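Residue-level listing of the chains:
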Amino acid sequence: MAQERQDTSGRAILTVLGSDRAGIVAAVTAVLARHDANILDISQTILQGVFTMTMLVDLGAVDVDFDTLQGELAALQGELGVQITFQREEVFRFMYRL
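Residues numbered from 1 in each chain as written. Predicted model: local features only at pLDDT ≥ 70, side-chain atom pairs only at ≥ 80, totals over all residues. Heavy atoms only, no water.

1. Concerning the nonpolar core
Then, number 1: One finds Leu 14, Val 16, Val 28, Leu 59 and Leu 69 to be the most contacted residues of the largest nonpolar core, which totals 24 residues.
Then, number 2: Mapped by element, the contributors of at least two residues to this core are β1 (11–19), α2 (24–34), β3 (50–58), α3 (66–80) and β4 (82–88).
Then, number 3: Once you skip the residues sitting within four places of it in the chain, Leu 14 turns out to touch Val 28, Leu 32, Met 53, Thr 54, Met 55, Val 57, Leu 73, Ile 84, Thr 85 and Phe 86. (Core = buried A, V, L, I, M, F, W, Y, C linked by side-chain atoms within 4.5 Å. Buried < 20%, exposed > 50% of the residue type's maximum accessible area, 1.4 Å probe, protein only. Helix = DSSP H or I, 4+ residues; strand = E, 2+ residues; numbered from the N terminus. Contact = heavy atoms within 4.5 Å.)

In structure tokens form, the structure reads like this:
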């Protein structure tokens, strides 16, 4: 368990994009809460029926490894019919550096 927590320490960026429907926020946050991930910041909006959400998530206390959590979110995107991207913050920052 301690090794798993060490592997997932840090923060991640989670984005959701797709057609708006009831329950998207609830489903995504339920997965995170089930594994003790803490949402540090969240922004969501609906633009002409298109749902977008971005979260900054603290992974310091999660009870599974990063790949497991990422896999659960990937499965959820199929259930919800949305695109979910979940990546470590340092990867996100490297990809989008100025």
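So that's the structure; there's more coming.
2. Overview of the packing of aromatic side chains
The description of an aromatic ring pair rests on the distance of the ring centres and on the angle between the ring planes.
Then, number 1: A complete count under the given rule lists one aromatic pair for this structure.
Then, number 2: Pairing Phe 66 with Phe 86 gives two aromatic rings, centres 5.0 Å apart and planes at 10°, and the pair type is stacked. Of the two residues, Phe 66 is situated in helix α3 and Phe 86 in strand β4; the sequence distance between them amounts to 20 residues. The pair Phe 66 / Phe 86 is uniform in exposure class, with both members buried.
Then, number 3: Lying over the aromatic face of Phe 66, Arg 88 brings its terminal NZ or CZ to 4.1 Å of the ring centre. (Phe/Tyr/Trp six-rings, centres within 6.5 Å; stacked < 30°, edge-to-face > 60°. Lys NZ or Arg CZ within 6 Å of the ring centre and 35° of its normal.)

3. Quick look at a nonpolar patch on the surface
Then, number 1: A cluster of nonpolar side chains, Leu 17, Leu 47 and Val 50, forms an exposed patch at the surface whose accessible area comes to about 260 Å².
Then, number 2: Its place among the elements puts Leu 17 in strand β1.
Then, number 3: The class of Leu 17 is partly exposed, set by a relative accessible area of 40%. (Patch = residues over 30% accessible without salt bridge, like charges linked within 9 Å, V, L, I, M, F, W, Y side chains within 5 Å. Areas by Shrake-Rupley, 256 points an atom, 1.4 Å probe, with all protein chains shown as cover. Salt bridge = Lys/Arg side-chain N within 4 Å of Asp/Glu carboxyl O.)

From the geometry alone we can't say anything about function, so treat these as descriptive.
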